[in-house]
Amino acid sequence: MSEKELFRKEVLKTRKSLPPRKADLKAFENNTFFKNSKVVFTYISFENEISTIDLMQELLKKKRVVVPYCTDKEGNMICVEIKDMAELKTGSYGILEPCNPVEFDKNKIDFCIVPGLAFDSSGGRIGFGKGYYDRFLKGTNAYKLGICHKELFFANIPKDELDILMDEVITF
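Residues numbered from 1 in each chain as written. Predicted model: local features only at pLDDT ≥ 70, side-chain atom pairs only at ≥ 80, totals over all residues. Heavy atoms only, no water.

## Notes on the nonpolar core
Judged by nonpolar contacts, the single largest core of 42 residues is most densely connected at Phe28, Phe41, Ile109, Ile113 and Ile147. Put simply, the parts of the chain that give this core at least two residues each are strand S1 (39-42), helix H3 (53-62), strand S2 (64-70), strand S3 (77-82), strand S7 (111-115), helix H4 (132-137), strand S10 (143-148) and strand S12 (168-171). Filtering out sequence-adjacent residues up to four positions away, Ile113 remains in contact with Phe28, Val40, Phe41, Thr42, Tyr43, Leu55, Leu59, Leu145 and Ile147. The next biggest cluster of nonpolar side chains, apart from the first, holds 8 residues, and it includes Phe7, Val11, Leu117 and Ile126. (Core = buried A, V, L, I, M, F, W, Y, C linked by side-chain atoms within 4.5 Å. Buried < 20%, exposed > 50% of the residue type's maximum accessible area, 1.4 Å probe, protein only. Helix = DSSP H or I, 4+ residues; strand = E, 2+ residues; numbered from the N terminus. Contact = heavy atoms within 4.5 Å.)

In structure tokens form, the structure reads like this:
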């Protein structure tokens, strides 16, 4: 098992023991990139990730919102614009996903809210290891904001050349 895989396994175990937390729109409101954004990409929280459900409802009142949609099990993902939470249904992994996935041009995204199991001070991110977000974010010029539990923010985490770094990380 690689150093990254071992680290991921430990972080997953720690995250399962943490209390539920919600992302709060107030945490982004002073960010110039967020203020100036028109199209915001956000993940749809699942299990013990920082919850984005309330955040999404607030974002829908102020911005165009796009969410991920996994197109296969090989790590490919597109983004889909939603205008209402009612446009989401429970997908195959128990994660909410768009009912009618029509691909949105990811180059029109200004601001991305990205999940992770853990982040570090250089913007490094550990996900579940399938590469969905790294593939999706590659080549995008959007501002990338990672969010995670404060206990899962480290000075340094294992990274490799395929990892896409965040522009900023905030913790809850």
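## A word on the pattern of salt bridges
Taken as a whole, this structure holds 11 salt bridges when the rule is applied. Glu81 is the salt-bridge partner of Lys83, the closest N and O atoms lying 3.4 Å from each other. Residue classification places Lys83 among the exposed positions, given a relative accessible area of 61%. Through salt bridges that share partners, Lys4, Asp160 and Asp163 make up one connected network. (Salt bridge = Lys/Arg side-chain N within 4 Å of Asp/Glu carboxyl O.)

## Structural notes on the packing of aromatic side chains
Under the criterion given, the structure shown has 8 aromatic pairs. Judged by centre distance (6.2 Å) and plane angle (70 degrees), the rings of Phe41 and Tyr133 are edge-to-face. Remark: Tyr133 occurs in helix H4 and Phe41 occurs in strand S1; sequence separation between them is 92 residues. Accessibility expressed as a relative area gives 12% for Tyr133, which makes it buried. Three or more aromatic residues link up through ring pairs in this structure, and these residues are Phe28, Phe33, Phe34, Phe111 and Tyr143. Over the ring of Phe34 we find Lys63, and its NZ or CZ is 4.8 Å from the ring centre. Over the face of the ring belonging to Phe136 we find Lys106, whose NZ or CZ atom lies 5.2 Å from the ring centre. (Phe/Tyr/Trp six-rings, centres within 6.5 Å; stacked < 30°, edge-to-face > 60°. Lys NZ or Arg CZ within 6 Å of the ring centre and 35° of its normal.)

## Comments concerning the sheet that holds strand S9 (residues 125-126)
Taken in spatial order, the 3 strands make up an open sheet running S9-S8-S11, and their pairing is mixed. Here the strands that pair on one side only, and so sit at the sheet edges, are S9 and strand S11 (153-154). With 2 bridges joining them, strand S8 (residues 118-120) and S9 adopt antiparallel strand pairing. Looking at the pairing, Phe119 lines up with Arg125 of S9. (Pairing = 2+ DSSP bridges.)

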